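This is what each chain is made of:
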Amino acid sequence: MRAILPEDSLLSAQEAISLFVSKVPPERRIKEIEITDALNKISAEDVYSPIDLPPFSRSTVDGFAVKSSFTPGKFKIIGKINIGKYKEIEISDNEAVEVDTGAMIPKGADAVIKIEETKIEGEYVEIPKKLNFGTDIAWIGSDVPRGTQILYKGEKITPEKIAFLASAGINKIKVYETPSIYVISTGDELIEPGKELQPGKIYESNLHFLISRLKNDGYNVVGHKVVVDDKDKIEEALEEASEIADVIIITGGTSAGEKDLVHQIIREKGEIIVHGLKFKPGKPTLLGKFNGKPVFGLPGNIVSTIMIYDRVIRNYLSLMKGEENNTEETEYAQLLLPVKADKKRFTYIPVYLVQGFAIPIPFDSYMVGSFSLADGFIGLDPGTELKEGDKVEVIIKRKDRRITLIGEEDKRFDNLNVRKIYLGSQVSCKALEKGIGDIVVISSLFCTPNNYDYLIERRILEQGEGDEVGYFDWLGLSKFNRNPSVKLKSPSTVLNFLGKAKVFAPEGYLKEGKELGKEKLFVIVRNKEAFKFLNGIF
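Predicted model only: the values in this text are computed from it and were never measured.

Analysis parameters
Residues numbered from 1 in each chain as written. Predicted model: local features only at pLDDT ≥ 70, side-chain atom pairs only at ≥ 80, totals over all residues. Heavy atoms only, no water. Helix = DSSP H or I, 4+ residues; strand = E, 2+ residues; numbered from the N terminus. Buried < 20%, exposed > 50% of the residue type's maximum accessible area, 1.4 Å probe, protein only. Core = buried A, V, L, I, M, F, W, Y, C linked by side-chain atoms within 4.5 Å. Contact = heavy atoms within 4.5 Å. Polar contact = N/O pair within 3.5 Å; in protein donor to acceptor, adjacent residues only side chain to side chain. Pairing = 2+ DSSP bridges. Axes fitted to C-alpha atoms, helices over the stretch in contact; angles between N-to-C directions. Left-handed = near helix turned anticlockwise from the far one by under 90°. Nonpolar A, V, L, I, M, F, W, Y, C, P; charged D, E, K, R; others polar. 1 Å grid on protein atoms, 1.4 Å probe; cavity = no way out; pocket = protein on both sides within 12 Å on 5 of 7 lines; lining within 4 Å. Points joined across faces, edges and corners; volume = space filled by probe spheres on them.

Draft legend 1. Just the environment of Lys502, in detail. Note on placement: Lys502 falls in the loop between strand S35 (486–488) and strand S36 (503–506). When its relative accessible area of 22% is taken as the criterion, Lys502 is described as partly exposed. Taking the C-alpha atoms as reference points, Lys502 and Ala38, separated by 464 residues in sequence, lie 62 Å from one another.

Here is the structure:
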């Protein structure tokens, strides 16, 4: 049975998660644990300090405790208080008590002088300078007073907060239990990584992403399984998952194909709350229940899995474990090039971030490599079009601070230990104009800089017969396109088409062939630190 998902009836990600939460409220369980086990857990209660910190006035140096009003002068030493010891000592005028760092201040004292600033003569100590009230004393409650809130309900517990709890004498707290997750990946086409790749098959990656991401986010993955497209076996896996896990995540089988069985099983044996999102990539996403357990059905596409986890599943799981402030890091940047969204769906576009500019990455939903190399992504409402220079909010995935090369690809750069943004001269000409990038590589077929540091001259060779394989328009090589049936974004992939079509590429990528013409690459170094990376090439 096919599932047709009309665009006009689709919900946004936020609308879908709100509806799902109302129909399948996240179940929270509370347990009391030792604070040593509480790292990254979510507090299920407000916690307050039962004591002042420090709990007594103490010395911050090794020295002598005295009454400041009698300094400078000679003081009689009447005793010593070591750290961790309690003594009932009260000093009078011109009396001193030797104290360790962290030791209690004797009654009557209001200042401490460092021992190296004094002169000891038998039973007396000479203090040569005037001390102010409170010198080198940490007063009781000067850090935090009794009753200060240590944790609020819904707060993630950090190592620093554990130290605070311990300092306040608290050894147990109530937290929300972490939900347990079972992950299923479905598809006849899937092969485990490490095995030989057979024709028509692909390596399974959804399971590996989800397990690692769930563990990274602190969840318990209690089971996982890869299942072929067989209705009985998929149902059996769902039954097993529902018995041992709080939440089920299953990938594949949610779309409109006849072998998309997951939505059929959940519709027949459970309940579908949401099927289809106004979201790209990730339209065929399913949210439902199976044996009373929340189940998330994701498209088999790996980038859809990544995006739906980040934008939908993660929010629901955060509610289950009691996390109230699930914020993500964002940064504003200017667009280096224009972008536009799908006309009917909310669209995410991956970008590189370079010195305050967001560089859009040409992208389709199957491109997990391009997506994983991005620094972040921007979200656009359906039909949105933004122009060069517009300010956008970027959701940060990572921050790559390496020396950055922007522009054309060449074999000479293969072993450079720098970040390479091979988006051709359309981007590198703009980068030069805006003054960004450490190394900028521009094709003479696109634009000519006023100045450059190095020059590469290369012949463009052609091989083969038949349909033409060319290049996307952002590359300098695209100027040699005539009527390409296929467009590539890198000359590195041209070897895959040898003997199948007419191909062309710079020498080095092709060993021989008819010369189509020549191309110059201008290399502009904008960061002096980048020159050392180019040693040995020029």
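Still to come is the rest of the account.
Draft legend 2. Expanded view of the nonpolar core. Ranked by internal contacts, the top residues of the largest apolar core, which has 37 residues, are Ile181, Leu214, Phe296, Tyr309, Val312, Ile313 and Leu317. Ranked by residue count, the leading element in this core is helix H6 (residues 302–320), at eleven residues. For Ile181, the contacting residues outside a window of four places in its chain are Leu214, Tyr219, Asn220, Val221, Val222, Gly223, Ala245, Val247, Ile249 and Leu317.

Draft legend 3. Focus on the side chain of Glu519. Residue position: Glu519 is located in strand S37 (residues 514–525). Engagement of the side chain of Glu519 in a polar contact is seen with the side chain of Ser443, the distance being 2.6 Å. With near-sequence residues (within four places) excluded, Glu519 lies in contact with Ser443, Ser444, Leu445, Ile456, Glu457, Arg458, Ile460, Gly476 and Leu477.

Draft legend 4. Seen up close, the sheet that holds strand S10 (residues 124–127). Taken in spatial order, the six strands of this open sheet run S8-S5-S7-S6-S10-S9, and their pairing is mixed. For this open sheet the edge positions go to strand S8 (111–114) and strand S9 (119–121), each flanked by a neighbour on one side alone. For this sheet, the mean inter-axis angle between neighbouring strands, taken without regard to orientation, is 40°. When strand S5 (residues 63–66) meets strand S7 (residues 95–99), the two strands line up antiparallel, connected through three bridges. Each bridged residue has a counterpart across the sheet, and for Phe64 the counterpart in S7 is Glu98.

Draft legend 5. Local environment of the packing of helix H1 (residues 13–23) against H6. Two elements in contact, H1 and H6, have axes whose closest approach is 10 Å; the angle formed by their N-to-C orientations is 35°. When the axes of H1 and H6 are compared, the crossing they make is right-handed. Here H1 contributes Ala13, Ile17, Phe20 and Val21 to the contact with H6, which in turn contributes Val312, Tyr316 and Leu319. Across the contact of H1 with H6, the residue classes break down as seven nonpolar, no polar and no charged.

Draft legend 6. Layout of the layout of surface pockets. A volume near 570 Å³ is recorded for the largest pocket. Ile349, Pro360, Ile361, Pro362 and Phe363 are, among the 23 residues lining the largest pocket, the residues nearest its centre. At the level of elements, strand S24 (339–340), strand S25 (346–354) and helix H8 (424–434) are the ones that each hand at least two residues to the lining of the largest pocket. Looking at which element gives the most residues to the lining of the largest pocket, the answer is S25, with four residues. Its residues assigned to classes, the lining of the largest pocket shows 15 nonpolar, three polar and five charged.

Draft legend 7. Spatial organisation of unusual backbone geometry. In this chain, Thr71 is followed by Pro72 through a cis amide linkage whose omega measures -5°. Here Pro72 is to be found in the loop between S5 and strand S6 (73–81). Here Lys280 and Pro281 are connected by a cis peptide whose omega angle stands at 0°. Counting through the fold element by element, Pro281 comes out in the loop between strand S20 (279–280) and strand S21 (286–290). With a phi close to 70°, Asn40 is a non-glycine residue in the positive phi region. The residue Asn40 is located in the loop between strand S1 (30–34) and strand S2 (42–43) in this model. Backbone geometry at Asn291 places phi at a positive 55°, although glycine is not the residue there. For Asn291, the position within the fold is in the loop between S21 and strand S22 (293–298).

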